[in-house]
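Structural features, examined
Okay, here's what each chain looks like letter by letter:
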Amino acid sequence: MLELNDVSHVYANGTRALDHVTLSIPRGMYGLLGPNGAGKSTLMRTVATLQTPTEGSIRFGDIDIIAEPERLRRTLGYLPQDFGVYPRVSAYDMLDHMAVLKGIASASDRKQTVETLLQQVNLWNVRKKALAGFSGGMRQRFGIAQALIGNPELIIVDEPTAGLDPEERNRFLNLLAEIGENVVVILSTHIVEDVSDLCPRMAVLAGGRIQLEGAPLELIQSTRSRIWMKLIERAELDSYRERYEVISTRLFSGRTVVHVLSDSDPGNGFTLVEGGLEDVYFSTLAQSRRAA
Amino acid sequence: MFLQVAKFEFAYQRSSPVFWVTGIIFFLLTFAGMTIDQIQVGSGGNVHANSPFAISQQHLIWTLFFMFASTAFVANVVVRDDETRFGPILRSTRITKFDYLMGRFSGALAAIVIVYAAVPLAIFLGSTMPWLDKETLGPNRIGDYLYAFFLLALPTIFTMSAIFFALATATRSMMWTYIGIVAFFIFNTVASSILGRRPELETAIAYGEPFGLGAYSLVTKYWTSAERNSANPDFAGVLLWNRLLWIGIGIAFLALGQKLYRFAEPGMSARRERKQKRQEAKALADAPPSAPAGALPRPRSRLPVLAQLAIRTKFEMRQIFRSPAYVVLLLLATLLVFSNLWSGNEIYGTPSLPRTVAILPILTGSFGLISIIIAIYYAGEVVWRERDRKIHEIIDATPMPSWVYVVPKTLGVVLVLLSTVAIGALVAISLQLMRGFTDISIMQYLLWFVLPIGVNMTFVAVLAVLVQVLSPNKYAGWGIMVLYIVIDVVMETIGFEHHLYDYGSAPLAPLSDINGSGGFMAVGWWLRLYWAGVALIMLVLGHLLWRRGTEQRLKPKLRRLPKRLAGLPGAIALGGFVTATGAGAYIYHNTNVLNEYQTTNEREQFQAAYEKKYLKYEKLPQPSVTDVQLKVDLFPQETRAEIAGRYRLQNLTQTPISEVHIRNLDETLKIKSVALGGARQASYDEEFKYRVFKLERPMMPGETRGLDFRAQRWQRGFRNSGYDTRLVRNGTFLAHQQLAPVIGMDRSILLQDRAKRRKYGLPAELRTPKLEDLSATNKNYIGSWTTADITVSTGADQTPIAPGKKVSDETGTAAGLLASYPTHQFSISSRSSRRAMPNATASMRGGPCRLLSSDARAKRRPDAERADRRARLLSGEFRTLSIRPGPDHRVPGLFDLRPGFRQHDPLFRDLRVRGRFPGSGEDRLCDLCHRP
């Protein structure tokens, strides 16, 4: 459905944010994972017609996004990573305003759209308050609501769960899952769980390149019986990093859990673990770092 | 700590673009003032361009404008921490309030002072430029620069920085700071224009005026040029105290700012909290509707662009008109207009009758710079609003076409400007009513003010918006616009005067109660049509190049431009192009083909060349005109006159005359033929319209000859600048120079300004003849006594007037009048008898009417004030006369008052005078001109 072909983008200061990205994104939820500064937002903005790539082509169905951004915008829902609001405008008025801009002309359609969305993102009670006074989470929910106006065919949400409390996050993910069955939804995040919970397909972006692409289940399958774990003291960590291919570390009751990647049993007290998507992600990042 | 903070701040300010841009702008402004003849600050006459006086004046005057720039530095000092959201990090460190505020202020002030050094640098470098006239320069002395910079400019810079720093600190808002500065500027202007008219307050003003201009001009008031070229005033007395006073005020503001500043964010006021609680309760009380089933509505396949345009327009208007800045701006505009009208509509404390035609020019004048500043400011605000609010990614991803951005935003700026214009008109009308003037025509306000000014302002708005669309950020856009205005002014002063390349320029018509706008609006409206075409193209460009999304570069958009131009945008741009070309061609035909386009420089060159070529004939004995037979056919609707006449020339000198020099001093007058009895035309200089006739037999003293001539005056089309207000549809007045040839050379049209004369290689001054030089007594200002027989024919609805007594009058298609009377100079006038005279006109200051009549020279002086002064000198009897209509009273003995006096000043354009005349205790009415 959405085809990116050899897309690169170089910023004016010389940063190569996207480096020959080729992706094919089908209907349904698509997760884009990557660390900070991986180029996720650049990719999202490029697809959302807000930025022209230095080279490459992007097509959505029969629309050439670079040549005809206007056509894509008619069926696009976009939630940027960071956004602000106008002063002195309430949530209801702003959603209504956005509905007109998205092409919902009739008053009854707009009323239905705005009221439905306000309830779905749980902003009904504060609909008449000025957006400028919203907390970060409330503002994020407003952003989600506006991205869903007009039943878009392509929904791009850049780090949508940032700043949401767990309850709101669940509510939002449910909403997305419901919508995401028939349309293309691209969800960028650095939270692995968002992707593993929702997305039948995903890609890992780091250093401007696609490091990995596939279905989370298959990817997890591929790391099966290659991830080993051990509980060690913090002071030992450096020596372990030298000896093994450490893909992630985390703390657990004051000690450090290391995960290493190895095709065979590394011995030394390591035990095999059932790898999750997180391990896939971290091992990919570890590989890309090594390659760099 | 304090020092570190100050140092950091200094380094930060120095690396900002504002630092360099401001420095460069002030350098260029000062440099232009030094090196371009037409712009002079503090110098001129015999005062050198780099004299201590001129250096001081420039330092003082530029601080007035520098105030706006320095505020950008100091206001930013505190506000930027809130804007970048870095504030909380800083304020939670160990830094004290004093170190934080004063350290930063000191650092910023240091940067500001360095920027201002651009001014002395530009004066110094400017004075060394090789093309300057050496006579206008003196030696450069370092002490003069130090005196002006440290004693005059620095205190002002400190005080202004401190005041606006305090305001920014207390309000934590750039917007309120700029409103404060505009308010300060306007109050200062208003105060100095109102109080400055009262000489008894001179010393008080000198103490209280914040920029030191009053004090400096007071202490140097009676200085000669030699003193101004060589010395600085003692830094004592009023000058010292003025500087100290304002430094003290600056320190007080700093202390106040520090006191009002809170590290912590202010909480919500109790009243607002209650209000919000109520609203929340209300929102909750609404029962949430049941969740609608099914998918959300989809947009139609056709974009509802008109609905989008409507909602965006409404939205922009709300954002603009509901902002507190706008309300404050309107209040300030009201104040400014009111004070301008109040003081502009009176002469030396005597209020004039506020006729609309007299008030409109003052009103228009009030809107010059202020409206441009408003346009520039709002264009930056509206174009960058989405980005400043960081909502641009959301809005830009909607299918709304870019022109739905451009049009409402431009319209927003236009409406802001229009609302200031409308407020101006309302203020003017209320002033008229306050002064008891009720004959107010809304149509006059609409057609002569709101409409043309509104359209002119639209052009400024469109340009300002396009510049913001193209510029990389808001501040650069503002800077470009300021630069544009400076360049615009400079271009005009150095000789690029044609309206066709001065964007958005469309002149207003001279107004009069007798002649209305007299067809003079045409040139303005043609130009407006022309600029509308250009503006349309600019709007299309704004649409195509609109910054959509996060793309900052212009290049990709330019690359796509040709492709996107296809279709409707291209057609609209083409429409604009065709309109502009068509109107432009028509304007060019009028200004450059039908009429001659002459710049001020070319005019000066002409005058200089005239002098070089012909001044040598000044003392050549010439015959005098002792009788005139004149037949003038006026065609007021065509602005045409056909003239045939005969002079009786008599040699009133003691010597025989062998050649007669005949000149045409009027640009519009065409002399078709001249024939002098017993003479042949020896030469005719086309360029200077100068004829020399050689007499076959010299004219002996006392001998007379006849000179026949035919001439035509025909104002066709319109000129680029200047209107022929002589021959008009109603209220024509033609003096003899505009009707007929002039005999002999004199100095009347030569260059007078010393610097200009030197520039063209002429002696600095043409002096009056020495007392012993008796040859000068052969001539006088006015000329000899003449008898005149004048026949005037004009439109059937017109009343012709000429000096003398009416001999016959024919009614029918043309009214004729034959007059015969001894006079100094002859002139004719024609005005409609059908149109009612205005109900009331202006008041004038003049002496008893006989004075005016004896001062024929007033004709050549367009400046009524000077004429006034002259009248005062002549009589000692000087009273205020107010011109009002009244019953048909006449004062005997006043019949030879000339209408010529009226011609030059709208104040005099009326029929009757009411005044208290010497020897009579009551007000009486009289005609300004003879009505038999």
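Residues numbered from 1 in each chain as written. Chains lettered and ligands numbered in written order. Predicted model: local features only at pLDDT ≥ 70, side-chain atom pairs only at ≥ 80, totals over all residues. Heavy atoms only, no water.

A closer look at the overall build of chain A
What counts here: Per the convention used, a helix needs a DSSP run of H or I reaching at least four residues, while a strand needs a run of E reaching at least two, with both numbered from the N terminus. For every residue, the accessible area obtained with a 1.4 Å probe (protein chains only) is divided by the maximum for its type, and the residue is called buried under 20%, exposed over 50%, and partly exposed between those limits. Note on contacts: a residue pair is in contact if any heavy atoms of the two residues lie within 4.5 Å.
Looking only at helices and strands, chain A features 10 helices and 14 strands. The buried share of chain A, taken over its 292 residues, is 56%. Of the contacts made within chain A by residues no fewer than 6 positions apart, 68% connect residues no fewer than 24 positions apart.

Quick notes on the overall build of chain B
Defined as follows: Note on areas: these come from Shrake-Rupley sampling with a 1.4 Å probe, and a residue is covered only by the protein chains present in the view.
If you tally the helices and strands in chain B, you get 31 helices and 19 strands. Buried positions account for 51% of the 932 residues belonging to chain B. A separation of at least 24 residues holds for 78% of the contacts in chain B among residues at least 6 apart in sequence. A total of about 43200 Å² of accessible surface is found on chain B, and carbon and sulfur atoms cover 62% of it.

Focus on the interface of chain A and chain B
What counts is decided by this rule: Buried area is calculated as the accessible area (1.4 Å probe) missing from two parts once they are joined, with the contributions of both summed. A pairing counts as a salt bridge when a side-chain nitrogen of Lys or Arg comes within 4 Å of a carboxyl oxygen of Asp or Glu. Think of a polar contact as two N or O atoms within 3.5 Å of one another; within protein, one of them needs to be a possible hydrogen donor and the other a possible acceptor, and neighboring residues in sequence only count if both atoms come from side chains. Three categories are distinguished: nonpolar for Ala, Val, Leu, Ile, Met, Phe, Trp, Tyr, Cys and Pro, charged for Asp, Glu, Lys and Arg, and polar for the others, with Gly belonging to the last.
On the chain B side, the residues contacting the 51 residues of chain A number 52 residues. Here chain A and chain B share an interface that buries about 4900 Å² over both sides, 56% of which is from carbon and sulfur atoms. On the chain A side of the interface with chain B, the three residues burying the most area are Tyr-86, Arg-88 and Leu-101 of chain A, jointly 15% of the side's total. On the surface where chain A and chain B come into contact, there are four salt bridges. Measuring nitrogen to oxygen at the nearest pair gives 3.8 Å for the salt bridge that ties Arg-45 of chain A to Glu-393 of chain B. Here chain A is connected to chain B by 18 residue pairs in polar contact (both at pLDDT 80 or more). Within the residue set of the side of chain A that touches chain B, elements represented by two or more residues are helix H2 (69-73), strand S6 (76-79), helix H3 (91-101) and helix H4 (107-120) of chain A. For the side of chain A that touches chain B, the leading source of residues is H4 of chain A, giving seven residues. When grouped by side-chain class, the residues that make up the side of chain A that touches chain B number 22 nonpolar, 15 polar and 14 charged.

A word on the sheet that holds strand S8 (residues 690-699) of chain B
Residue and element names in this part refer to chain B. The condition that has to hold: Strand pairing is assigned whenever DSSP identifies at least 2 bridges connecting the two strands.
Strand order across the open sheet formed by four strands is S7-S8-S5-S11, with antiparallel pairing between neighbours. Among the strands making up the open sheet, the edge pair consists of strand S7 (679-685) and strand S11 (742-743). One ladder, built from two bridges, connects strand S5 (residues 657-663) with S11; its direction is antiparallel. The partner of Arg-663 across the bridge, within S11, is Val-742.

A look at helix H2 (residues 17-35) of chain B
Residues spaced three or four apart along an α-helix point in a common direction, a consequence of the helix completing one turn every 3.6 residues. Residue and element names in this part refer to chain B. Our working rule: Between the first and last residue of a helix there are one fewer steps than residues, each counted as 1.5 Å, and that sum is the expected span.
Taking 1.5 Å per residue as the helical rise, H2 with its 19 residues ought to reach 27 Å, and the 27 Å between its terminal C-alpha atoms agrees with that figure. Where H2 is concerned, the buried positions are Phe-19, Thr-22, Gly-23, Ile-25, Phe-26, Thr-30, Phe-31, Ala-32, Gly-33, Met-34 and Thr-35. Buried positions along H2 lie against helix H1 (2-14), helix H3 (52-83), helix H5 (97-116), helix H6 (118-127) and helix H22 (474-493).

Details of the packing of H1 of chain B against H3 of chain B
How two helices sit against one another is set out by the angle between their axes and by the gap between those axes. All names here are of chain B. Rules: Note on definitions: angles span 0 to 180 degrees between N-to-C directions of axes, and those axes are lines fitted to C-alpha atoms, for helices only across the stretch in contact. Note on terminology: angles under 35 degrees are roughly parallel, angles over 145 are roughly antiparallel, angles of 65 to 115 are roughly perpendicular, and the others are oblique. It is the rotation of the near helix from the far one that decides the hand of a crossing: anticlockwise by less than a right angle makes it left-handed, clockwise makes it right-handed.
Relative orientation of the contacting elements H1 and H3 amounts to 115 degrees, with a least axis distance of 12 Å. Looking at the two axes, H1 sits roughly perpendicular to H3. Regarding H1 and H3, the two cross each other, and that crossing is right-handed. Each of Glu-9, Tyr-12 and Gln-13 in H1 lies in contact with H3, whose residues at this interface are Phe-73, Asn-76, Val-77 and Arg-80.

A look at the pattern of salt bridges
Enumeration according to the criterion identifies 50 salt bridges over all chains in this entry. Through salt bridges with shared partners, a single network forms among Arg-312, Glu-316, Arg-385, Glu-386 and Lys-409 of chain B.

Focus: the sheet that holds strand S2 (residues 16-25) of chain A
All names here are of chain A. In spatial order, the strands read S2-S1-S4-S5; together these four strands make up an open sheet with antiparallel pairing. Two strands close off the open sheet at either side, each with one partner strand: S2 and strand S5 (63-64). Note: strand S1 (residues 2-10) against S2, six bridges, orientation antiparallel. Bridged to Leu-2 within S2 is Ile-25. Against the sheet, helix H1 (residues 40-47) engages S1, S2 and strand S4 (55-60), with an angle of about 60 degrees to S2.

Section: the nonpolar core
For soluble globular proteins, the rule of thumb is that nonpolar side chains tend to be buried together. Selection rule: Nonpolar cores are built from buried Ala, Val, Leu, Ile, Met, Phe, Trp, Tyr and Cys residues. Side-chain atoms within 4.5 Å join them into one set.
Ranked by size, the top nonpolar core spans 142 residues in total, and within it Met-94 of chain A together with Leu-363, Tyr-378, Ile-395 and Phe-449 of chain B carry the most contacts. Looking at which element gives the most residues to this core, the answer is helix H21 (residues 442-470) of chain B, with 15 residues. In this structure, Val-5, Ile-25, Ala-206 and Leu-254 of chain B belong to the second largest nonpolar core, which totals 54 residues.

Quick notes on the packing of aromatic side chains
Residue and element names in this part refer to chain B. Basically, it comes down to this: Centres within 6.5 Å are what make two rings of Phe, Tyr or Trp a pair, Trp counting through its six-membered ring; a difference in plane orientation under 30 degrees is then read as stacked, over 60 as edge-to-face, and the rest as tilted. Put simply, a charge is over a ring when the Lys NZ or the Arg CZ is close to the ring centre, within 6 Å, and near the line of the ring normal, within 35 degrees.
Summed over all chains, the structure comprises 45 aromatic pairs over all chains. Both rings, one in Phe-496 and one in Tyr-501, keep their centres 6.2 Å apart while their planes meet at 70 degrees; by these two values the pair is edge-to-face. For Phe-496, a relative accessible area of 41% corresponds to the partly exposed category. Site record: aromatic cluster; members linked through ring pairs are Phe-26, Trp-62, Phe-65, Phe-66, Tyr-116, Phe-149 and Phe-150. The ring centre of Trp-714 lies 5.6 Å from the NZ or CZ of Arg-640, which sits over that ring. Over the face of the ring belonging to Tyr-684 we find Arg-691, whose NZ or CZ atom lies 4.2 Å from the ring centre.

Digging into a nonpolar patch on the surface
The condition that has to hold: Patches draw on residues past 30% relative accessible area with no salt bridge. Two like charges within 9 Å are joined, as are two nonpolar side chains (Val, Leu, Ile, Met, Phe, Trp, Tyr) within 5 Å.
Judged by side-chain polarity, Trp-20, Ile-24, Leu-28, Leu-483, Ile-487, Met-491, Ile-494, Phe-496 and Tyr-501 of chain B come together as a nonpolar surface patch covering roughly 850 Å² of accessible area. Counting through the fold element by element, Phe-496 of chain B comes out in the loop between H22 and helix H23 (521-544).

A closer look at the side chain of Gln-146 of chain A
Positionally, Gln-146 of chain A belongs in helix H5 (residues 136-147). In this view, Gln-146 of chain A contacts Tyr-78, Leu-79, Leu-95, Met-98 and Lys-102 of chain A together with Ile-394 of chain B; residues no more than four positions away in its chain are not counted.

Let's talk about unusual backbone geometry
Trans is the common state for peptide bonds, and a negative phi is the common state for residues other than glycine. All names here are of chain A. Phi angles above zero are rare outside glycine, and Glu-159 is one such case at about 50 degrees. Residue position: Glu-159 is located in the loop between strand S7 (154-158) and helix H6 (166-179). On the basis of relative accessibility, which here comes to 9%, the residue Glu-159 falls in the buried class. Even without being a glycine, Ser-253 presents a positive backbone phi close to 40 degrees.

Quick look at a positive patch on the surface
What counts here: Counted as positive: Lys and Arg. Counted as negative: Asp and Glu, with His and the chain ends omitted from the count. Charged groups are reduced to one reference atom each: NZ for lysine, CZ for arginine, CG for aspartic acid, CD for glutamic acid.
On the surface, Arg-271, Arg-272, Arg-274, Lys-275 and Arg-278 of chain B cluster together into a patch of positive charge. Along the chain, Arg-271 of chain B turns up in helix H13 (residues 270-285).

So, the packing of helix H7 (residues 142-171) of chain B against helix H12 (residues 237-260) of chain B
Residues and elements named next belong to chain B. Close contact between H7 and H12 brings their axes to 8 Å; oriented N to C, the two are set at 25 degrees. Between H7 and H12, the angle is such that the two are roughly parallel. As H7 packs across H12, the resulting crossing turns out to be left-handed. Split into classes, the residues belonging to the contact of H7 with H12 amount to 17 nonpolar, five polar and one charged.

Comments concerning helix H16 (residues 356-366) of chain B
Residues and elements named next belong to chain B. Where we set the bar: Working definition: the arc comes from the directions between the helix axis and the C-beta atoms, pointing outward to the latter.
Those residues of H16 not exposed but buried are Thr-356, Val-357, Ile-359, Leu-360, Leu-363, Thr-364 and Ser-366. Each buried residue of H16 lies within a common arc of 165 degrees when the element is viewed along its axis, so the set occupies one face. Here the buried face of H16 lies against helix H15 (324-344), helix H17 (368-383), helix H20 (403-434) and H21.

Some words on the environment of Leu-431 of chain B
Residues and elements named next belong to chain B. Within the secondary structure, Leu-431 is located in helix H20. Look at Leu-431 and you get buried, because its relative accessible area is 0%. Residues Leu-431 and Pro-354 lie 77 residues apart in sequence; the distance between their C-alpha atoms is 7.9 Å. With sequence-adjacent residues up to four places away left out, Leu-431 is seen in contact with Phe-338, Leu-341, Trp-342, Asn-345 and Ile-359.

Purely spatial values, then, with no claim about function.
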